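Geometric and topological summary
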Amino acid sequence: MTITAVPLTSDVHRPDLDAFHELLPALARGLDVRDIFRHLSDVASRIVQHDEANLVLLTEDGSRCRLYASTQDGLPDVVCQEHAGALVDAHERQLIDVVPGPERGLRSGLRVPVKIDDRVVGVFALHSRRPQAYSTRDLLHAGRLADYLALGLSHQRLAEEIRDAAVDRERSINIDSSVELLRAIAEVLDIRTVFPRVSEIANKILPHDALTMAFLDHNGDVVFDASSTDNFPLLALVKTNSSAAEIRIIDDLSTETLPATEPPDLRERLVAAGYHSILGVRTRARDRTLLLSFWSTHLRAFQGRDVPVARRIADHVALAVSHEQLADTARQVAEAKAHAERLEARVHTLAEELDLKTHARVVGRSAEWLDVLTKATQVATTDTTVMISGESGTGKEVVARFVHRASARKTGPFIALNCAALPEQLLESELFGYERGAFTGAQQAKPGQIELASGGVLFLDEVSEMSLSAQAKFLRVLQEREFQRLGGTRTLKANIRVVAATNRELRKAVERGDFREDLYYRLQVFDIRIAPLRERRADILPLAEAFLQEIGKSFGRPPAGLTRDAREALLGYDWPGNVRELRNALERAAILCEGGLIHAQHLALQTASRPSHQPTTDLNTVERETIAKVLLDCRWNKSKAAKRLGLSRTQLYVRMRKYELEEPAAV
């Protein structure tokens with residue numbers, strides 16, 4: 001038998017809340033866990049699926065174990081021995097990869113300890129006929145089920161202790177009060193709403209004049225509290241029990257020395273209110289500590305024989321609060337899931353709108369691309385400046401348009417300006433506009449892109465190419481939301497949202513002194529990184545199909561589709577030019593195939609993809625080599641080379657200067 005021990009961790013996942021809701025009422029219906037074990041198994045199967053469930057308990061002296069309850073009849077005693085080892089270490093939950101007893105057809109399982117008062121009393125085990133059916137998450141859920149079983153056993157033992165003790169006739173008659181208590185707390189999700197009723201029921205088993213509870217976090221701070229009577233000084237509960245042992249009995253409060261309290265006269269006030277005796281117990285409710293105290297107006301009202309009853313009542317209350325915590329977390333999970341579903345639907349709707357309104361295709365199904373769209377949808381509802389980073393041709397403008405379409409500015413203009421496509425002086429005049437006579441040739445005033453984008457979005461592509469002079473002026477736009485035209489003195493308001501994009505590492509440009517650090521932080525408020533196409537290969541074929549449909553509309557004989565070898569070639573290529581290169585390759589192939597199927601040779605993908613075992617080449621090296629090869633293939637015809645690379649002529653010239661690529665004199 002192969003076993004994997006899993007340490008206790010916080011339960012961050014929550015299963016079907018309705019199934020858990022059925023467990024408390026089920027436990028409230030009977031005193032013997034064996035009578036309801038099959039029903040509990042049926043409810044539990046909606047939380048952790050299984051084909052067999054067993055509950056193995058230790059005998060009272062702890063010398064051996066016995067099969068206490070099972071969903072299968074007539075199981076042999078060897079079942080106890082299968083789980084005996086799990087009783088050795090109370091801090092481990094175990095996954096079982098190989099289950100003994102092949103005649104039962106079981107292939108995998110899990111088991112968790114069952115504890116009462118932090119003492120291991122047994123093992124709860126679930127088995128499946130499927131191999132490796134369980135995960136760590138299932139162990140966490142099984143641990144919660146074991147807590148419910150522990151409550152049932154505790155509830156059962158309480159009844160047995162009261163019956164055996166037979167302290168007096170009245171207490172024997174009220175054995176069923178424990179059942180009544182469990183039913184009362186099973187009906188609500190906030191025990192504070194029924195706490196006076198809890199005290200009323202508990203009073204039949206353990207007489208008291210007031211009942212108080214407080215829940216403490218790991219720092220000892222009170223998370224929430226409750227009292228059966230109004231205006232009870234709950235601080236006394238915390239101060240008299242928080243530093244004490246798990247059980248504390250005070251026979252005479254007037255003579256007891258309490259720890260330092262606030263206010264200092266707390267003891268006197270309690271005595272003045274008529275309280276003289278306290279029975280306090282501590283227990284755990286998941287990650288919190290429960291302090292439950294019974295208060296009496298009589299001296300020496302509580303005895304040692306009352307402790308088991310008090311502890312069982314505390315167990316009931318603790319489980320009810322665990323149930324509340326479970327419900328709260330489940331609601332949070334459900335709300336988060338609903339929010340994610342609404343966000344996903346919003347992404348889908350916006351993608352369709354963008355395609356319909358602007359013909360900017362938002363195509364892709366990879367996790368990386370969906371993450372980009374999700375972030376874009378989230379930030380779109382704000383007016384926050386967005387920085388979109390990614391290699392050339394990855395679709396940065398498409399994402400910028402997506403943000404615009406999803407924002408409150410969608411009815412305003414979307415103005416795009418490529419900072420690399422214009423010389424320094426022309427960039428500033430295009431960006432800020434100019435007044436008549438601002439420079440030679442300025443015969444009349446002209447508004448800039450900032451003015452034209454008023455009420456909408458200004459998209460600055462390749463913002464890293466902006467000159468330092470333009471950067472300084474644009475910084476004022478972001479800081480003060482105002483600017484001046486070139487040659488002008490009037491201050492104009494900039495009612496724009498800025499979405500910037502870059503294919504460079506701006507942080508490195510800042511370190512080199514090529515980009516202002518203050519502007520960098522102004523632009524980098526919300527960053528969206530678009531992965532290159534080679535890192536999201538799941539998008540290649542959907543993009544190819546979309547592009548072929550689009551290309552086919554402008555062809556007299558649209559291509560019939562892609563052959564298998566063409567699809568393999570598309571998936572095997574590294575696409576240094578990304579989505580733009582993909583479209584250009586398909587457009588070229590559509591021409592060559594003359595209305596037939598596109599084969600791999602039509603795509604003319606010259607560079608083979610890197611084998612996965614080879615180290616990744618520096619991207620600048622890849623880009624330089626690719627541009628150099630395409631220029632050579634095109635005999636240094638810049639227009640043809642730019643089109644094949646998916647670049648504008650200006651972008652190609654920028655990269656040629658960057659990589660010092662010069663046409664040979666002989667060509």
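Residues numbered from 1 in each chain as written. Predicted model: local features only at pLDDT ≥ 70, side-chain atom pairs only at ≥ 80, totals over all residues. Heavy atoms only, no water.

**Section: the sheet that holds strand β16 (residues 457-461)**
- The sheet built from 5 strands is open, its strands ordered β13-β16-β19-β12-β20 with parallel pairing. On the outer flanks of this sheet lie β13 (414-418) and β20 (526-529), each paired with one strand and no other. Recorded for the sheet is a direction-independent mean angle of 20 degrees between the axes of neighbouring strands.
- As judged from the 4 bridges shared by β16 and strand β19 (residues 497-502), these two strands associate in the parallel manner. Following the sheet pairing, Leu 458 is matched in β19 by Val 498. (Pairing = 2+ DSSP bridges. Helix = DSSP H or I, 4+ residues; strand = E, 2+ residues; numbered from the N terminus. Axes fitted to C-alpha atoms, helices over the stretch in contact; angles between N-to-C directions.)

**A closer look at the pattern of salt bridges**
- Scanning the entire structure with this criterion turns up 26 salt bridges.
- With a closest N to O distance of 3.0 Å, Glu 430 and Lys 446 form a salt bridge. With Glu 430 in helix α13 (residues 424-432) and Lys 446 in strand β15 (residues 446-447), the pair connects residues that are 16 residues apart, well separated along the chain.
- Its relative accessible area of 34% is what places Lys 446 among the partly exposed residues.
- Taking the shortest distance from any N to any O, the salt bridge between Arg 583 and Glu 550 comes out at 3.0 Å. Of this pair, Arg 583 sits in helix α20 (residues 578-593) while Glu 550 sits in helix α18 (residues 540-552), placing them 33 residues apart in sequence.
- The partly exposed category is assigned to Arg 583, whose relative accessible area is 22%.
- Since its relative accessible area comes to 27%, Glu 550 is described here as partly exposed.
- One salt-bridge network, in which partners are shared between bridges, spans Glu 435, Glu 451, Arg 485 and Arg 490. (Salt bridge = Lys/Arg side-chain N within 4 Å of Asp/Glu carboxyl O. Buried < 20%, exposed > 50% of the residue type's maximum accessible area, 1.4 Å probe, protein only.)

**A word on empty space enclosed by the protein**
- Taken as a whole and assessed by the stated rule, the structure comprises 2 cavities of 30 Å³ or more.
- Estimated volume of the largest cavity: approximately 90 Å³.
- Lining the largest cavity are 11 residues, with Leu 40, Ser 41, Ala 44, Phe 124 and Leu 149 positioned closest to its centre.
- Those elements that provide at least two residues to the lining of the largest cavity are α2 (33-44) and α4 (136-165). (1 Å grid on protein atoms, 1.4 Å probe; cavity = no way out; pocket = protein on both sides within 12 Å on 5 of 7 lines; lining within 4 Å. Points joined across faces, edges and corners; volume = space filled by probe spheres on them.)

**Some points on the packing of aromatic side chains**
- Scanning the model with the defined rule gives 5 aromatic pairs in all.
- Geometrically, the ring pair formed by Tyr 275 and Trp 295 is edge-to-face, given 6.1 Å between the ring centres and 70 degrees between the ring planes. Of this pair, Tyr 275 sits in the loop between α9 (266-272) and β10 (277-285) while Trp 295 is found in strand β11 (residues 288-296), placing the two residues 20 residues apart along the sequence. Accessibility assignment for this pair places Tyr 275 and Trp 295 in one class, buried.
- Measuring from centroid to centroid gives 5.1 Å for Tyr 520 and Tyr 521, while their planes differ by 70 degrees, and the two rings are edge-to-face. (Phe/Tyr/Trp six-rings, centres within 6.5 Å; stacked < 30°, edge-to-face > 60°.)

**Quick notes on the packing of α18 against α20**
- Remark: α18 packs on α20, axes separated minimally by 10 Å, with the N-to-C direction vectors making an angle of 50 degrees. In terms of axis orientation, α18 runs oblique to α20. The interaxial crossing formed by α18 with α20 has right-handed handedness. Every residue of α20 that contacts α18 at Ile 540, Leu 543, Ala 544, Phe 547, Leu 548, Glu 550 and Ile 551 is listed here: Val 579, Leu 582, Arg 583, Leu 586, Glu 587 and Ala 590.
- Looking at side-chain class alone, the contact of α18 with α20 contains 10 nonpolar, no polar and 3 charged residues. (Parallel < 35°, antiparallel > 145°, perpendicular 65-115°, else oblique. Left-handed = near helix turned anticlockwise from the far one by under 90°. Contact = heavy atoms within 4.5 Å. Nonpolar A, V, L, I, M, F, W, Y, C, P; charged D, E, K, R; others polar.)

**As for the pairing of strand β2 (residues 52-58)**
- Among the 7 residues in β2, 6 count as buried, and that is most of the element.
- Judged from the 6 bridges that link them, β2 and strand β6 (residues 119-128) form a sheet pairing that is antiparallel. By the bridge assignment for β6, Asn 54 is matched with Ala 125.
- Pairing between β2 and strand β3 (residues 65-70): 5 bridges, direction antiparallel. Paired with Val 56 across the strands is Leu 67, a residue of β3.
- Here β2 folds back onto β3, and the loop between the two strands holds 6 residues, one of which, Gly 62, carries a positive phi near 75 degrees.

**What to know about α18**
- If you check α18, its first and last C-alpha atoms are 18 Å apart, about what 13 residues at 1.5 Å a residue would give, namely 18 Å.
- For α18, the tally of buried residues reaches 10 of 13 residues, placing the bulk of the element in the interior.
- Those residues of α18 lying buried are Ile 540, Leu 541, Pro 542, Leu 543, Ala 544, Ala 546, Phe 547, Leu 548, Ile 551 and Gly 552. (Expected span 1.5 Å × (residues − 1).)

**With respect to helix α12 (residues 396-406)**
- Of all 11 residues making up α12, 8 are buried, and the element is well covered by its neighbours.
- Of all the positions in α12, only Lys 396, Val 399, Ala 400, Phe 402, Val 403, His 404, Arg 405 and Ala 406 are classed as buried.

**Description of the nonpolar core**
- Of all hydrophobic cores here, the largest spans 31 residues; its most connected members are Ile 450, Leu 460 and Phe 474.
- Secondary structure elements with two or more residues in this core: β13, α13, β16, α15 (468-480), β19, α16 (506-512) and α17 (517-523).
- Considering every element that reaches this core, the biggest residue donor is α15, with 5 residues.
- For Phe 474, the residues in contact, after removing those within four places along its chain, are Leu 431, Phe 432, Ile 450, Leu 458, Leu 460, Met 466, Val 498 and Leu 519.
- Counting residues in hydrophobic clusters, the runner-up holds 29 residues, among them Val 114, Phe 124, Ala 146 and Leu 153. (Core = buried A, V, L, I, M, F, W, Y, C linked by side-chain atoms within 4.5 Å.)

**Quick word on the packing of α18 against helix α19 (residues 564-572)**
- Look at α18 against α19: their axes get within 10 Å of each other, and the N-to-C directions meet at 120 degrees. With respect to their mutual orientation, α18 and α19 come out oblique. Here the hand of the crossing between α18 and α19 comes out right-handed. Judged by residue contacts, Ile 540, Leu 541, Ala 544 and Glu 545 of α18 engage Arg 567, Leu 570 and Leu 571 from α19.
- Across the contact of α18 with α19, the residue classes tally to 5 nonpolar, no polar and 2 charged.

**Some words on the environment of Arg 311**
- Mapped onto the secondary structure, Arg 311 falls in helix α10 (residues 307-358).
- Owing to a relative accessible area of 18%, Arg 311 belongs among the buried residues under this scheme.
- Along the backbone, Arg 311 and Leu 292 are 19 residues apart, and their C-alpha atoms lie at a distance of 8.8 Å.

**Focus on the side chain of Asp 461**
- Within the element layout of this structure, Asp 461 appears in strand β16.
- Look at Asp 461: it is buried, it has no salt bridge, and the nearest opposite charge is Lys 396 at 5.1 Å.
- Residues within four places of Asp 461 in sequence aside, it is in contact with Lys 396, Leu 417, Asn 418, Cys 419 and Ala 501. (Lys, Arg positive; Asp, Glu negative; His and termini not counted.)

**Regarding the confidence of the model for the protein chain**
- Looking at the protein chain, the pLDDT average stands at 77 and 73% of residues meet or exceed 70.
- Mean pLDDT across the elements of the protein chain ranges from a minimum in helix α5 (residues 169-173), with 42, to a maximum in strand β12 (residues 386-389), with 95.
- For residues 165-175, every residue scores under 50 in pLDDT, and the model assigns this stretch 11 contacts once sequence neighbours within four places are set aside.
- Predicted confidence is poor over residues 608-616, with pLDDT under 50, and the contacts of this stretch with residues over four places away or in other chains come to 9 contacts. (pLDDT = per-residue confidence, 0-100.)

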